[in-house]
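Below are the chains, spelled out letter by letter.
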Amino acid sequence: MQLSKWSIVSSLVLLMALPIRGEGLSHKKQKEPVVDSLAIFVEKGDSCMQDYNTFEALQHYQKAYDIAVAQDSVRYTMTDWRPGGKNYVPDDKIPRDVRLKLADCYYKRANYREAADLLKLMPEDSLTHQAFRQLAYSYQKQGDIDSFIYWAELLVDRFPKDGEVVAGLINALSQNNQPHKGLKYGSTYSLHDMHNILVNRAMADAFFLDRNFTAALVWYQHLIEEGDSTFNTFYSAGMCYSQIEDLERAYSYLRDALFLSQMRHYGAAYRLGVVCIDTKRYEEGLGYLELARELMRPDTTVMKAITLAQGEGYYLTQHYDKALEVWKEHLAYNPTSVATYYNIANIYAYVRKEKEKAKDYYLKFLEKAREVEKPTPQLEEMTKKAQEFLK
């Protein structure tokens, strides 16, 4: 049977029209578009950050980072890392934005260790100004002053007009007993800006800690002229005038400082009281010294709890003399403590064998116990034993 001409043509057309499915010829799985999926997670993270949703943004950025890790492109190593001795391969193939975005997210969630670990091994010229600041402040917020100083110095070298970081660096160096070094950074910054209050405060405090009170006063006075009417500025200025024995000015500034503290700073009250006595303002000075004494008294509620717990601890560890001492102090804060009188009496009666002192405290215990409206079975048992001892 012969095929017609049109049948043959139709068959050829059909064969040419049918696609050949390559995936049908092989069992190999098609490779996933890694770069595209990484970008998708970054976009999702960016979207979350626009809504300040750092919780979900962190998850998306971390997935993007993990994809890069799976590509074996994390080239940085933390082996033997130390400030000044970085160990890294400079061809990190993790997209720079991914690393910076993930670090930024950690920083904003106060996970400063993770933020620093992501940023500290990057070349400094790869860090944005914000990332550089986050790196330095991550160490400061962890209390690692030495590392903060190291990174802040590098940051100031690159961005010398960042006054906030300059001020933080001066303060850190002062805290690290190197105020003279901080003063150099402050002096360099002040060549182009004498009106930054943060830097000026740091400079004044550094001079104060360096015991150059005359220079410190120049900066404190400048701060006051700039409108920095804070407690610390007036208090420190008053202290400087006191140190150089200009007592009238010391009196004026310390008085203003005490008023700014709403009469709650015992140091200002004490220093002002001393200055008043030295300048023959006796009645006024005695008033400030009495105020300082009141402000120095411990919190009664806290001390009640501390002395009660201490007494029990000493008693249970058989340090009976210490227990007596602390429980007597407890009565000064809590004179109605029925159990404390009983415990003291027991030590005198059965440990120290001082019968007369035991009687005194058992009598005081019974007096306080009678004031309890609804005594518990335990209190009734304690009362019975005290009465038996006094027979």
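Let me begin by describing the structure that accompanies this report. Since this is a predicted model, take the numbers as computed values, not measurements.

## Let's talk about the nonpolar core
Core analysis: the largest hydrophobic core is formed by 81 residues, its most contacted members being Leu-119 and Leu-127. Beyond its immediate sequence surroundings of up to four residues, Leu-127 is in contact with Arg-96, Leu-100, Leu-119, Met-122, Phe-132, Leu-135 and Arg-158. Residues Ala-323, Ala-358, Phe-365 and Leu-379 belong to the second largest nonpolar core, which totals 22 residues.

## So, the pattern of salt bridges
Summed over all chains, the structure comprises 13 salt bridges. Measuring nitrogen to oxygen at the nearest pair gives 2.8 Å for the salt bridge that ties Asp-162 to Arg-133. On the criterion of sequence distance, the pair formed by Asp-162 in the loop between helix 7 (145-158) and helix 8 (163-175) and Arg-133 in helix 6 (residues 129-141) is long-range, its members being 29 residues apart. Accessibility expressed as a relative area gives 10% for Asp-162, which makes it buried. The buried category is assigned to Arg-133, whose relative accessible area is 18%.

## A short note on the environment of Phe-41
Along the chain, Phe-41 falls in helix 2 (residues 34-50). On a C-alpha basis, the gap between Phe-41 and Lys-63 in space is 6.7 Å, while along the polypeptide they are 22 residues apart. Apart from residues no more than four positions distant in its own chain, Phe-41 is found in contact with His-60, Lys-63, Ala-64 and Ile-67.

## Section: the side chain of Ser-337
With respect to the helices and strands, Ser-337 occurs in the loop between helix 17 (320-333) and helix 18 (338-351). In this structure Ser-337 comes out as buried when scored by relative accessible area, which is 11%. A polar atom in the side chain of Ser-337 sits 2.6 Å from the side chain of Thr-340. Beyond its immediate sequence surroundings of up to four residues, Ser-337 is in contact with His-330 and Leu-331.

Quick notes on the rules
- Residues numbered from 1 in each chain as written.
- Predicted model: local features only at pLDDT ≥ 70, side-chain atom pairs only at ≥ 80, totals over all residues.
- Heavy atoms only, no water.
- Core = buried A, V, L, I, M, F, W, Y, C linked by side-chain atoms within 4.5 Å.
- Buried < 20%, exposed > 50% of the residue type's maximum accessible area, 1.4 Å probe, protein only.
- Contact = heavy atoms within 4.5 Å.
- Salt bridge = Lys/Arg side-chain N within 4 Å of Asp/Glu carboxyl O.
- Helix = DSSP H or I, 4+ residues; strand = E, 2+ residues; numbered from the N terminus.
- Polar contact = N/O pair within 3.5 Å; in protein donor to acceptor, adjacent residues only side chain to side chain.

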